[in-house]
Amino acid sequence: MVDAVTIESIISETLDAIKKAQTQIYDIAEGIRTEYSRITKELDNIKGDIAALIATVDAAEKEEKRSRLDLIKVSKDFSRYKEQDIKSAYQKAQAMQLKVQDLRYQEQLLRYQRHQLEMNRRRLESMIKKAEDMVSHLSVVLNYLTNDLRTMGVRLAELEQMHQLGISIIRAQEEERKRVAREIHDGPAQIMANIVMRAEFCLKLMEMNPGKVKEELMALQDLVRHSLQDVRKIIFDLRPMVLDDLGLVPALKRYLEDFRDEQNIVAEFLFFGQQRRLNSAVEVALFRVIQESLNNIRKHSSASRVMVKMEILPERVNALIQDNGVGFDSASILASQNGEGFGLVGIRERIHLLQGTVDIVSQPGRGCKISLSVPANN
């Protein structure tokens, strides 16, 4: 076990390293700002050069056009102009043409330089922002470590708790994967295998008794439709699209409706407050908590009625899930090490990750009530 003196020494060295890194990052940021100012000045100069060059190009193009007109004019009437005049007009037109081409090339070169400078300036802006963010984050870390040295024992306990939480989350994820794999194996996979067999039978039936192919295809269509329903249900359980498209409240209403129809349990949903979109992490966590609660009710409670209440306030979201089932000893289930309380532990851990509170109250014969509250602006 690491003692407090060692921890303080480690933190002191860490603070010194962070301060040095903060100073180095600040110096780097100042160098980047100097380069940014230089590039900005150079960019302004090039923009001015481009504007002046555009005016020169316009004037040269007009002059080149006049020289071509003069050349056309003298070329059409050799009798009126001397050979020297024609030669001079030709040379002038050619010279103006070369001059215009050269000016256009210079303009293209300046535009390319401007583009490169603008890209460099945007890159430097991004680097300055990152450097400022790093300095700010390091300041926060310094304050955090400096102010919390005396509570390091508590912090270590919290780290251990987070470690156990991570293990529990991984365990819950594996359980969820096994559940989904089992649902796919028992549902769509079996139906798909049956569809393949029925399709092969249809091919043989077309040769032996074509009149019965229609009947068999209709049965096959029902199988495909049933498989599609199972797949959609699995997809909805994994990530309901309505949750992303419309938000938490519509997704819960839809889920409660399906739960009521499938389980033959009276499911009531009550909503209070102003409906609005929440942070994605909050919406997903609350949906999963309520989904897991209803799964527990379906599997274990023998309930005939369940009620879900939700209230969205400016700063918090409160929810209540209550059923009239057989109930259980909540204290012993939550403390159990044999896996009985994984669902409830997962609920509690999801809420704690959102810095919320959860209260699970149940007694044998008196149903179960889960009350939770999380910050609305996580």
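Since we're looking at a predicted model, the values are computed, not measured. (Residues numbered from 1 in each chain as written. Predicted model: local features only at pLDDT ≥ 70, side-chain atom pairs only at ≥ 80, totals over all residues. Heavy atoms only, no water.)

Asks: Help me out: how do you make sense of the overall build of the protein chain in this one?
Replies: A tally of regular secondary structure across the protein chain gives nine helices and five strands. Ordering the α and β elements of the protein chain from the N terminus gives α-α-α-α-α-α-β-α-β-β-α-α-β-β. In the protein chain, buried positions account for 33% of the 378 residues. The contacts in the protein chain between residues at least 6 apart in sequence include a share of 70% that link residues at least 24 apart. (Helix = DSSP H or I, 4+ residues; strand = E, 2+ residues; numbered from the N terminus. Buried < 20%, exposed > 50% of the residue type's maximum accessible area, 1.4 Å probe, protein only. Contact = heavy atoms within 4.5 Å.)

Asks: Explanation requested: the packing of aromatic side chains in the structure shown.
Replies: How two aromatic rings sit relative to each other is given by the distance of their centres and the angle of their planes. Counted under the stated rule, the structure contains one aromatic pair. A ring pair is formed by Y255 and F287, whose centres lie 5.6 Å apart and whose planes are at 70°; its orientation type is edge-to-face. In this pair, Y255 sits in helix α6 (residues 248–263) while F287 sits in helix α7 (residues 280–301), placing the two residues 32 residues apart along the sequence. According to the relative accessible area criterion, F287 is buried, its value standing at 1%. (Phe/Tyr/Trp six-rings, centres within 6.5 Å; stacked < 30°, edge-to-face > 60°.)

Asks: In this structure, what is going on with the pattern of salt bridges? I would like to understand it.
Replies: A side chain with one charge can pair with a side chain of the opposite charge if their charged atoms come near. Enumeration according to the criterion identifies eleven salt bridges in this entry. A salt bridge links R104 to E61; its shortest N-O distance comes to 2.7 Å. Here R104, found in helix α2 (residues 83–147), pairs with E61, found in helix α1 (residues 4–76); they are 43 residues apart in sequence, far enough to count as distant. Under the relative-accessibility criterion, R104 is labelled partly exposed at 41%. What you see here is one network of salt bridges that share partners, running through E30, R33 and E132. (Salt bridge = Lys/Arg side-chain N within 4 Å of Asp/Glu carboxyl O.)

Asks: Even after reading the chapter, I still don't get the sheet that holds strand β5 (residues 368–375), so can you show me in this structure?
Replies: Sheet strands pair by backbone hydrogen bonding; their relative direction is either parallel or antiparallel. Strand order in this open sheet of five strands is β1-β2-β3-β5-β4, and the pairing throughout is mixed. The sheet is open, and its two borders are formed by β1 (266–273) and β4 (357–362), each paired with just one other strand. Looking at each pair of strands side by side, their axes are set apart by 10° on average, direction ignored. Judged from the six bridges that link them, β4 and β5 form a sheet pairing that is antiparallel. Note that in β5 the partner of I360 across the bridge is I370. (Pairing = 2+ DSSP bridges. Axes fitted to C-alpha atoms, helices over the stretch in contact; angles between N-to-C directions.)

Asks: When you look at α7 in this model, what are you seeing that I'm missing?
Replies: The end-to-end C-alpha distance of α7 is 30 Å, a good match for the 32 Å that 22 residues give at a rise of 1.5 Å each. With 16 of 22 residues buried, α7 is to be regarded as a mostly interior element. With a side-chain oxygen lying 2.8 Å from the backbone nitrogen of A281, the N-terminal cap of α7 falls on N279. Directly beyond the C-terminal end of α7, a positive phi value near 55° is found at S302. (Expected span 1.5 Å × (residues − 1). Polar contact = N/O pair within 3.5 Å; in protein donor to acceptor, adjacent residues only side chain to side chain.)

Asks: Which parts of the structure should I look at to understand the side chain of D323?
Replies: Relative to the helices and strands, D323 resides in strand β3 (residues 316–323). R305 provides the closest opposite charge to the buried, unpaired D323, separated from it by 11 Å. Polar contacts involving the side chain of D323 include one to the main-chain amide nitrogen of G325, which spans 2.7 Å. (Lys, Arg positive; Asp, Glu negative; His and termini not counted.)

Asks: Looking at this model, I keep getting lost on unusual backbone geometry. Mind explaining?
Replies: Generally, phi is negative for residues other than glycine and the peptide bonds are trans, each holding for most cases. One non-glycine residue, S302, adopts positive backbone phi at about 55°. On the secondary structure map, S302 appears in the loop between α7 and β2 (305–312). Judged by relative accessible area, which is 66%, S302 ranks as exposed. For Q355, which is not a glycine, the phi torsion comes out positive at approximately 60°. As for its placement among the helices and strands, Q355 is situated in the loop between α9 (342–353) and β4.

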